[in-house]
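Survey of secondary and tertiary structure
One letter stands for each residue in the lines below.
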Amino acid sequence: WGLGNHAIKNILPALVASPSLELHGVYSRDQKIRDKCSKNFQCISWESHNDMLSDSDVSIIYLATPPGLHYVQGLEILNSGKHFWCEKPFTTNAKETRTLIEIADKNGLTLAEGLMYLYHPQFKFIKKYLSDAKSSDIKVINSFFTLPHTDAPGFRYNPDLGGSTLLDIGIYPISLCQEIFPYEKSTLIQSKRYFESKYKVDTSGFAVYEFASGTICNLFWGMGFGYRNQLDILTTTGSLYTEKIFSKPSNFSPAIQIKDKRGNQSEIGCAADNHFISMFEDFSLMLTNQTKAKEMKKRVLKLAETLDLVKSSSAL
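Quick look at the structure, then. In this numbering scheme, every chain counts its residues from 1 along its sequence in written order. Only residues with pLDDT of at least 70 get local features here, since the model is predicted, and only at 80 or more are side-chain atom pairs given and counted; chain-wide, interface and lining totals rely on the full set of residues. Water and hydrogen atoms play no part in the side-chain values, which are based on all heavy atoms of the structure.

Side note on helix 6 (residues 121–131)
An α-helical turn contains 3.6 residues, so any two residues separated by three or four positions project in the same direction. For the exposure calls, accessible area comes from a 1.4 Å probe over protein chains only, and a residue counts as buried if that area is under 20% of its type's maximum, exposed if over 50%, partly exposed in between. Where helices and strands are cited, they refer to DSSP runs of H or I of at least four residues and of E of at least two residues respectively, numbered from the N terminus. Gln-122, Phe-123, Ile-126 and Leu-130 are the residues of helix 6 that are buried. All buried residues of helix 6 fall inside an arc of 90° around its axis, so they share one side. Buried-residue contacts for helix 6 involve strand 6 (138–147), helix 7 (165–180), strand 10 (228–235), strand 11 (238–243) and strand 12 (255–260). The arc in question is the one traced by the directions running from the helix axis out to the C-beta atoms. By definition, residues are in contact when any of their heavy atoms lie within 4.5 Å.

Topic: the packing of aromatic side chains
For Phe, Tyr and Trp, rings pair up if their centres lie within 6.5 Å, where Trp contributes its six-membered ring, and each pair is then called stacked (planes under 30 degrees apart), edge-to-face (over 60) or tilted (otherwise). Inspection of every chain in the model, using the stated rule, returns 18 aromatic pairs. Note on Trp-85 and Phe-283: the rings are 5.4 Å apart at their centroids and 70° apart in plane angle, and the pair reads as edge-to-face. With a gap of 198 residues between them, Trp-85 in strand 4 (residues 83–87) and Phe-283 in helix 8 (residues 275–285) connect regions that are remote in the sequence. By relative accessible area, which is 1% here, Trp-85 ends up buried. Following the ring pairs from residue to residue traces out a cluster consisting of Tyr-62, Trp-85, Tyr-119, Phe-280 and Phe-283. Residue placement shows Arg-228 over the ring face of Phe-144; its charged tip is 4.4 Å from the ring centre. A ring is scored as having a charge over it whenever the NZ atom of a lysine or the CZ atom of an arginine sits within 6 Å of its centre and within 35 degrees of its normal. When the ring centre of Phe-252 is taken as origin, the NZ or CZ atom of Lys-244, which lies over that ring, is 5.8 Å away.

Some remarks on the packing of helix 4 (residues 70–79) against helix 5 (residues 94–107)
The description of two helices packed together rests on the angle between their axes and the distance between the axes. Working convention: axes come from line fits to C-alpha atoms, limited for helices to the stretch in contact. Angles between N-to-C directions cover 0 to 180 degrees. Here helix 4 crosses helix 5 at 5°, and the two axes come no closer than 10 Å. With respect to their mutual orientation, helix 4 and helix 5 come out roughly parallel. For the pair helix 4 and helix 5, the contacting residues are His-70, Tyr-71, Gly-74, Leu-75, Leu-78 and Asn-79 in the first and Glu-96, Thr-99, Leu-100, Ile-103, Ala-104 and Asn-107 in the second. By the convention adopted, Pro, Cys, Tyr, Trp, Phe, Met, Ile, Leu, Val and Ala count as nonpolar, Lys, Arg, Asp and Glu as charged, and the other residues, Gly among them, as polar. When its residues are assigned to classes, the contact of helix 4 with helix 5 shows 6 nonpolar, 5 polar and 1 charged. Every angle not falling under 35 degrees, over 145, or within 65 to 115 is termed oblique; those three ranges are roughly parallel, roughly antiparallel and roughly perpendicular.

A word on the sheet that holds strand 5 (residues 111–114)
Spatial ordering of the open sheet is given by 3-4-5, a layout of 3 strands whose pairing is parallel. This sheet does not close on itself; its edge strands, each paired only once, are strand 3 (60–63) and strand 5. Neighbouring strand axes in the sheet, compared pairwise and without regard to direction, differ in orientation by 15° on average. With 4 bridges connecting them, strand 3 and strand 4 associate as parallel partners. Bridge assignment links Ile-61 to a residue of strand 4, and that residue is Phe-84. At least two bridges found by DSSP between two strands are what make those strands a pair.

What about the sheet that holds strand 9 (residues 216–223)?
Strands sit in the order 7-8-9-6-10-11-12-13 across an open sheet of 8 strands; the sheet is mixed. On the outer flanks of this sheet lie strand 7 (186–195) and strand 13 (265–269), each paired with one strand and no other. Direction aside, neighbouring strands of the sheet carry axes that sit 10° apart on average. The sheet contact formed by strand 11 and strand 12 spans 5 bridges and is antiparallel. Paired with Gly-238 across the bridge in strand 12 is Asp-260. Seen against the sheet, helix 9 (residues 290–313) touches strand 7, strand 8 (202–211) and strand 9 and runs at an angle of roughly 60° to strand 7.

Structural notes on the environment of Gly-114
By secondary structure assignment, the location of Gly-114 is in strand 5. What makes Gly-114 buried here is its relative accessible area of 2%. Remark: the alpha-carbon pair of Gly-114 and Pro-89, spanning 25 residues in sequence, is separated by 8.0 Å. Residues in contact with Gly-114, not counting those within four places in the same chain, are Tyr-62, Cys-86, Glu-87, Lys-88, Met-279 and Phe-283.

Some thoughts on the side chain of Ser-18
Here Ser-18 lies in the loop between helix 1 (5–17) and strand 1 (25–26). Overall, Ser-18 belongs to the buried group, its relative accessible area being 6%. Polar contacts here mean pairs of N or O atoms no more than 3.5 Å apart (in protein, one a potential hydrogen donor and the other a potential acceptor; neighbouring residues in sequence count only if both atoms are side-chain atoms). Within the structure, the side chain of Ser-18 is placed 2.6 Å from the side chain of Glu-281, a separation counted as a polar contact.

A look at the packing of helix 1 against helix 8
Remark: helix 1 packs on helix 8, axes separated minimally by 8 Å, with the N-to-C direction vectors making an angle of 55°. Put simply, helix 1 runs oblique to helix 8. In terms of crossing hand, the pair formed by helix 1 and helix 8 is right-handed. Residues His-6, Asn-10, Ile-11, Ala-14, Leu-15 and Ala-17 of helix 1 lie in contact with helix 8, whose contacting residues are Phe-276, Ile-277 and Phe-280. Residues of the contact of helix 1 with helix 8, tallied by class, amount to 7 nonpolar, 2 polar and no charged. Here is the rule for handedness: rotate from the far helix to the near one, and if that takes an anticlockwise turn smaller than a right angle the crossing is left-handed, while a clockwise turn gives right-handed.

Dropping the structure here:
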């Protein structure tokens, strides 16, 4: 549901290639795009979203519409008895996310949020590497995710559609720290969102967290900058650095630079991977694994609450 550039370039090809899922159909209000996608991806298309929701051959709907529509459309999906998988951010606030989770639980349905980088071998290696160390040994995590302004922003600069660089870009480094320390309490030390006069949404921001073990996370994100997409971690025994941690083409083989405490460097090569396919393979496991489905709901709600806290505490 939703056929923007991202869905056409990344989501639909991944669904077609998925060993565990079958792309049955597409829907968009734009008939021309809808018909083109139906032809290119060899699936049906629906003339209305109600036709899609009432199609008994559909088990799961992946929502790729603007964030400001996710809550209302998510309600329709769950109330139609379909599993609800969704582009990030899941909704624009924790209250809406909590309501959708309650409905999913009541109806015995799964839900998921599409943060694809979590399923790439690059992030899996980093998480395993850090899990082998004591939490107290991880001292500082720095992450940047910045992009130039775009001439075709779509919903991103429209507050009525959920536009916000915090929700669109900042969600990546914030979720990364949450994933590295899934069971540790964190304190938001400081955060700020910045607005440019020509835009109606926040265009950049930063957040500083301190975790219970003492780790400090410095995160910066935004539009209107040179491209940065990186992760830098300092530990008591060395450091780790990598590029393209969040977004990368499927043929890109990431390199992870590791230095010991004297600065001697080695490099770990990670396999190239289509992290969208890997994401959908992981999502599909929820259909038969209730524990995994519950973990996803906890992850989605925790991230929504974390983003709400950044919004409420940011000095504008």
